[in-house]
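Descriptive analysis of the structure
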Amino acid sequence: MKVKRLMIFLISLAIGLAAFSLMGGETHWSSVWKSLAMIRWWQALILVVCMVGSLSFTAWSWQIILRKEKRQVRFWPLLKILTVGFSLSYLTPLSLVGGEALKAYLVQEELKTGWKKGIVSILLQEIMNFLVLVVIMIAGLGVFFSLGGRLSKKLGFLSIGL
């Protein structure tokens, strides 16, 4: 079993490195390194803490959803599945909807939830994420306008279109 996992890891690593090298061929790496050099260690730490906190909160909420469906699952396997799905999402053209199929497969395989419960729990979790984003957007717009912010004509038409 461990040899199989090692082979899957090595094949995935090789595919990832090949994709990275193909996509990185047109990147001006000096500009990338110059931009990264401007980030201070404490700024990077803040980003990492926010990211880990966000993923942990999402895994916890997903755990609550699965408990409501009469499934007892541990936090760490859910966090692992969520992180893998999140990582895959950012390799797909639509970054918010790429890893859900992989998450559904992993929930079914690793946690034995069954396809239906796994997919329903993922859909509920994604709907909750969307609603949180809407609340944050409304709060941000409220703060923006309460501080006297004004939209340009182009931005106003764009926001009405959304």
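Quick note: structure is the one above.
Structural notes, computed from the coordinates. (Residues numbered from 1 in each chain as written. Predicted model: local features only at pLDDT ≥ 70, side-chain atom pairs only at ≥ 80, totals over all residues. Heavy atoms only, no water.)

1. Quick notes on the overall build of the chain
Basically, it comes down to this: The numbering of helices and of strands both runs from the N terminus, where a helix is a DSSP run of H or I of at least 4 residues and a strand a run of E of at least 2. In this scheme, a residue with accessible area under 20% of its type's maximum is buried, one over 50% is exposed, and one in between is partly exposed, where area comes from a 1.4 Å probe on protein chains only. Two residues qualify as a contact provided that any one of their heavy atoms is within 4.5 Å of a heavy atom in the partner residue. Shrake-Rupley sampling with a 1.4 Å probe provides the accessible areas, and residues are treated as covered by the protein chains on show and by no other component.
The helix and strand tally for the chain stands at seven helices and zero strands. In the chain, the succession of helices and strands from N to C terminus is α-α-α-α-α-α-α. Residues classed as buried in the chain amount to 20% of the 162 residues present. Restricting to contacts in the chain with at least 6 residues of sequence separation, those with at least 24 account for 46%. Taken as a whole, the chain presents about 12800 Å² of accessible surface, with 74% of it coming from carbon and sulfur.

2. Some details on unusual backbone geometry
The phi dihedral of Lys112 is positive, around 55°, even though this residue is not glycine. Relative to the helices and strands, Lys112 is located in the loop between α5 (100–111) and α6 (115–146). Taking the relative accessible area as the measure of exposure, Lys112 reaches 58% and is therefore exposed.

3. With respect to the nonpolar core
What counts, and what does not: Residue types Ala, Val, Leu, Ile, Met, Phe, Trp, Tyr and Cys, when buried and joined through side-chain atoms within 4.5 Å, form a set referred to as a nonpolar core.
Core analysis: the biggest nonpolar cluster contains 14 residues, and Trp62, Leu78, Ile81 and Leu111 have the highest contact counts within it. Broken down by secondary-structure element, the contributors of at least two residues to this core are α3 (41–68), α4 (75–89) and α5. Leave out the neighbours within four places in its chain, and Leu78 touches Ala59, Trp62, Gln63, Leu66, Val73 and Leu111.

4. Side note on the side chain of Gln125
Position of Gln125 relative to the elements: it lies in helix α6. Given a relative accessible area of 1%, Gln125 falls into the buried group.

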